[in-house]
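Listed here are the chains, written in short residue letters.
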Amino acid sequence: MHEYQFILEKDQDKIPAGSSLICWIDVDPVLVYGKLRHLFGEPTYETLSLENQYCYCLSTKNASGGELCIYAYNGSSGPAVGGLHTEESRLAAEQLIQIIQEASTADYSYEGYYLDGPSKISMGIKDGVPFYDEEECEEIPPDLW
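Residues numbered from 1 in each chain as written. Predicted model: local features only at pLDDT ≥ 70, side-chain atom pairs only at ≥ 80, totals over all residues. Heavy atoms only, no water.

Structural notes on the layout of surface pockets
Right, so step 1: The space that makes up the largest pocket amounts to roughly 190 Å³.
Right, so step 2: For the lining of the largest pocket, the elements supplying multiple residues, two or more each, are α1 (29–40) and β5 (67–75).
Right, so step 3: For the lining of the largest pocket, the class distribution of residues is six nonpolar, six polar and two charged. (1 Å grid on protein atoms, 1.4 Å probe; cavity = no way out; pocket = protein on both sides within 12 Å on 5 of 7 lines; lining within 4 Å. Points joined across faces, edges and corners; volume = space filled by probe spheres on them. Helix = DSSP H or I, 4+ residues; strand = E, 2+ residues; numbered from the N terminus. Nonpolar A, V, L, I, M, F, W, Y, C, P; charged D, E, K, R; others polar.)

Below you can see the structure in the form of structure tokens.
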């Protein structure tokens, strides 16, 4: 099996047109973000909306040396991997999930909003211990609507 070496891209325009969900990441969302931060550092982007919390745009070389791009993100249904619906992208996504599952976590803190509540979310990892707090809120930052 081809070994993929993933590199974080800071330009989200690297995500190929036509990309979408390949598979879910079956790990606690708080831990997934900590593991991705440990592996790759700051995400390609992060927002205040929990339903579009972050995206890690990752490039790698495929078996024939061409560029392949997939992305790890947290959306409305939780952490997932997206990309083109090709066999190569599926294999890269599976390998990325294995890497995530085996990774250590980094400490981090995130505050954002879940708009259906509406709720303010505080989550992260402090001294290796995950936390998640949700409180009802009356006011959502206007740029989220």
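Some points on the side chain of Asn62
Right, so step 1: Structurally, the position occupied by Asn62 is in the loop between β4 (52–61) and β5.
Right, so step 2: A relative accessible area of 10% places Asn62 in the buried class.
Right, so step 3: In terms of polar contacts, Asn62 uses its side chain to reach the backbone amide nitrogen of Gly66, at 2.7 Å.
Right, so step 4: For Asn62, the side chain forms a polar contact with the side chain of Glu88, separated by 3.3 Å. (Buried < 20%, exposed > 50% of the residue type's maximum accessible area, 1.4 Å probe, protein only. Polar contact = N/O pair within 3.5 Å; in protein donor to acceptor, adjacent residues only side chain to side chain.)

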